[in-house]
Amino acid sequence: MTVSSRWVAVLLSLLALSCKKPVNPGDPLPGLTAEQLARFTRGKEVFDSVFTPHTGLGPLFNSTSCGECHEDPMVGGTGDEVEVHATAFKNGMCDPLVQEGGPVIQLHTTPALKKALGIDREPFPPSANGRASRTTPVVFARGLMDLVPDSAILAYADSEDRNHDGVHGRPNRSVDGRIGRFGRKAFVSTLAEFNAGAFVAEMGITNPVQPTEENIGGKPIPPGVDSTADPEINQEELDVTDDFVRFLAAPTPTKLDRNGRRGRDLFSKIGCTGCHFPTLRTGASPILALDRHEFPAYTDLLLHDMGQDLADICLGQAGPADFRTEPLIGLRAIQHFLHDGRAATVDQAIELHGGEASGARDRFKALTAEDRAAVVAFLKSL
Amino acid sequence: MLRTILLIPFLMSTPIRHRLQAPPPPPPTQPATSYTYVGTVHAVNAQTGTLDLITGVGMSLRLVHMTAGPVVRPSSPASGLRFADLKPGDAVRAECRRTSAPPGLVVNRIEKIEAPAR
């Protein structure tokens, strides 16, 4: 290859890179095969289908479809629904109050359940000493998060704070002791479990992986209230829905101007990246679009003590004040911030960080108004 | 997927050799079935021989009530884990059989688990 042809090749590569189509919220991963794209499309249909009592909805539920909550700005995004979770934290142990209907307390009932028990929602557990409001998270890039090796998560952990930075992330564990990563408390280990569990906990749709309904405040479902045969969706419907979520891409961050680039540098300089790691890398996967792929995660998937002001419920080994570092993927789609939506702006959300994040929060607050705006501009590009 | 499957009770068929053993044929009873549950100990009482295990899928959790079979009772001479060795918060795998009278699950074997990393 001559020098000039080499330059032409380099220029063409740069041109190709600059012309690379940006991934928008709700888009599938680039590089999926035609078959995988077909599954993505079929899964999206199930994700968006509205269930009725006749097709299995309830008898307790929070929504009638996945897409009812995960809708903004596209299917798989966020929503304005807020749900309720409850647990009891006693003597350092977490009780998810399964015997009283926890940890997810459904906010709606089918007409048949209302007729049988006269309730509009699941009763709040009498033994609860923790109550949490939970907003709808975006589910973009969850397939990528699913494939981050446990070893990588453990490598980021620093429960003893050996580097004395005041940050001591640690993994949560699922009910059977595996490392968790999904949910605001990182209680769920795999995306497949999160999805299968959500069908039941959020919509009352039983499936082959979780074939039994939720109880009603710890009591069994009255006879005749749920006449749809279990499981209420089949394995194929569950699998394609799982693939839809698995194949949702991380939206391409919008192009940063000079101010945004300064904000990105400041975000790191003031210590936010101590927990919000900019990138994670997936392990090996037979799906090429997920295989050993670096993506802008902005999380370490670990639990951190966020201070008593944010504390609500426990889950697994997460105490009331412990939260998983929220991935900032798709942050530009979010309207209400933090796990319960209490912050109306990104600035407010940062200012409400406590506990291990106090140092970074204080450094943010100490920035000039211009610099703070630059950090926010950067975050709103994600 | 394998781990997901482990989270739900699954049927472990009786070994074929048992079913093909020599006559006389057994009376027409239900074939013995066993179930494996993996989860967190919620409550355990070695004296009454009862165990409540939290299992589940994602955020959809279930409480499974079990009673101790002979091997896991405190008085058992057999080696292995017993109910008295357990405490709330332990992650365990419990192998059980279902009984009809009284209806319920009886634990034949239980072990603490060290979950594999992936």
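Residues numbered from 1 in each chain as written. Chains lettered and ligands numbered in written order. Predicted model: local features only at pLDDT ≥ 70, side-chain atom pairs only at ≥ 80, totals over all residues.

K.L.:
Explanation requested: the overall build of chain A in the structure shown.
P.N.:
A count of helical and extended segments in chain A gives 12 helices and 10 strands. Taken against the 2.2 N^0.38 rule, which gives 21 Å for 382 residues, the C-alpha radius of gyration of chain A at 22 Å falls within 12% of a compact globule. Structurally, chain A occupies a C-alpha span of about 80 × 50 × 35 Å along its principal axes. Burial analysis of chain A (382 residues in total) assigns 51% to the buried set. (Helix = DSSP H or I, 4+ residues; strand = E, 2+ residues; numbered from the N terminus. Rg over C-alpha atoms; globule rule 2.2 N^0.38 Å. Buried ≥ 20, exposed ≤ 12 C-beta atoms within 10 Å, placed from the backbone.)

K.L.:
Quick question: what am I supposed to make of the interface of chain B and chain A here?
P.N.:
Interface size, as often reported, equals the accessible area lost upon joining of the parts. Contacts between the two partners involve 25 residues from chain B, matched on the other side by 29 residues from chain A. Elements represented by at least two residues in the side of chain B that touches chain A include exactly α1 (2-6), β2 (34-45), β3 (50-57) and β4 (60-68) of chain B. Of the residues that constitute the side of chain B that touches chain A, the class distribution is 14 nonpolar, 8 polar and 3 charged. (Contact = placed C-beta atoms within 7 Å. Nonpolar A, V, L, I, M, F, W, Y, C, P; charged D, E, K, R; others polar.)

K.L.:
How should I be thinking about the environment of glutamate 202 of chain A in this particular structure?
P.N.:
All names here are of chain A. Looking at where glutamate 202 falls in the secondary structure, it is placed in helix α7 (residues 191-203). Distance from glutamate 202 to aspartate 27, taken between C-alpha atoms, is 24 Å for residues 175 residues apart in sequence. Beyond its immediate sequence surroundings of up to four residues, glutamate 202 is in contact with Phe61, Asn62 and Ser63.

K.L.:
Got a minute to help me understand the packing of α7 of chain A against helix α8 (residues 235-246) of chain A in this structure?
P.N.:
Each pair of packed helices can be described by the angle between their axes along with the distance between the axes. Residues and elements named next belong to chain A. As a packed pair, α7 and α8 sit with axes 10 Å apart at the nearest point and diverge in direction by 120°. Taken together, the axis directions place α7 and α8 in an arrangement best described as oblique. Between α7 and α8 lies a crossing of right-handed hand. Facing α7, whose interface residues are Leu191, Ala192, Asn195 and Ala196, α8 presents Leu238, Thr241, Asp242, Val245 and Arg246. Across the contact of α7 with α8, the residue classes break down as 5 nonpolar, 2 polar and 2 charged. (Axes fitted to C-alpha atoms, helices over the stretch in contact; angles between N-to-C directions. Parallel < 35°, antiparallel > 145°, perpendicular 65-115°, else oblique. Left-handed = near helix turned anticlockwise from the far one by under 90°.)

K.L.:
What is the right way to look at unusual backbone geometry in this model?
P.N.:
One can expect most non-glycine residues to show negative phi and most peptide bonds to be in trans. Residues and elements named next belong to chain A. Here the bond from glycine 58 into proline 59 is cis, since omega is 15°, no more than 30 degrees from zero. Relative to the helices and strands, proline 59 is located in the loop between α2 (34-48) and β1 (60-61). With an omega of 5°, the peptide bond running from aspartate 72 to proline 73 counts as cis. When you line up the elements, proline 73 lands in the loop between α3 (66-69) and β2 (79-90). The phi dihedral of histidine 164 falls on the positive side, at around 55°, and the residue is not glycine. As for its placement among the helices and strands, histidine 164 is situated in the loop between α6 (150-156) and α7. One non-glycine residue, arginine 292, lies in positive phi territory at about 45°. When you line up the elements, arginine 292 lands in the loop between β7 (279-281) and β8 (294-296).

These results come straight from atomic positions and should not be treated as a statement about function.
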